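Residues per chain, in single letters:
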Amino acid sequence: MGDAEQRRYPRVVPPKRLRVAWQSGTRRAVSYLESIGLGGLFVATRQPVPLRSMVKVLMDLEFGEVRARAVVRRISPARGMGIEFIAMTQEDRARLNKALQPMFATE
């Protein structure tokens, strides 16, 4: 089964380079997003954290900040990591959804 078939939500490549601030343990970084969806995102980083690591993310999107807690589900060595959102406030989810709508419309 392919990756897309295992996802609950579709992902989209952002039209412009979006950054995400993330923290796992004491490690903090700012990276670019390769793809994003309601279920998670792929963070471009040459030094991904280990599988199943907990990650806090902060994105500054068009309609405001979105904060979430996530877990690393996939690693691509020297390329990045796929993370799945596990906790987000209703307000943050609404802002994320609102920011994603135009991206999916142009896909």
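Keep in mind the model is a prediction, meaning the values are calculated, not measured. (Residues numbered from 1 in each chain as written. Predicted model: local features only at pLDDT ≥ 70, side-chain atom pairs only at ≥ 80, totals over all residues. Heavy atoms only, no water.)

Draft legend 1. Seen up close, helix 2 (residues 90–106). For helix 2, spanning 17 residues, the distance from its first C-alpha to its last is 25 Å, which sits close to the expected 24 Å at 1.5 Å a residue. A maximum bend of about 25 degrees is found in helix 2 at L100, where proline P102 lies one to four positions downstream. Buried within helix 2 are the following residues: D92, L96, A99, L100 and M103. Where the residues of helix 2 are buried, they touch strand 1 (11–12), strand 3 (27–37), strand 5 (54–61), strand 6 (64–76) and strand 7 (80–87). (Helix = DSSP H or I, 4+ residues; strand = E, 2+ residues; numbered from the N terminus. Expected span 1.5 Å × (residues − 1). Bend = angle between axes of the 7 residues up to and from the residue. Buried < 20%, exposed > 50% of the residue type's maximum accessible area, 1.4 Å probe, protein only. Contact = heavy atoms within 4.5 Å.)

Draft legend 2. Spatial organisation of the pairing of strand 3. Bridge count for strand 1 against strand 3 is two bridges, and the pairing is antiparallel. By the bridge assignment, V12 is partnered in strand 3 with I36. Bridge analysis of strand 2 (residues 19–24) against strand 3 gives six bridges, and the strand direction is antiparallel. If you follow S24 over to strand 3, its bridge partner there is R27. The antiparallel hairpin formed by strand 2 and strand 3 contains two residues in its connecting segment, where G25 sits at a positive phi of about 65 degrees. Here five bridges tie strand 3 to strand 4 (residues 40–44), and the two strands are oriented antiparallel to one another. When the sheet's bridge partners are listed, S35 is paired in strand 4 with F42. Between strand 3 and the antiparallel strand that follows it, strand 4, lie two residues. (Pairing = 2+ DSSP bridges.)

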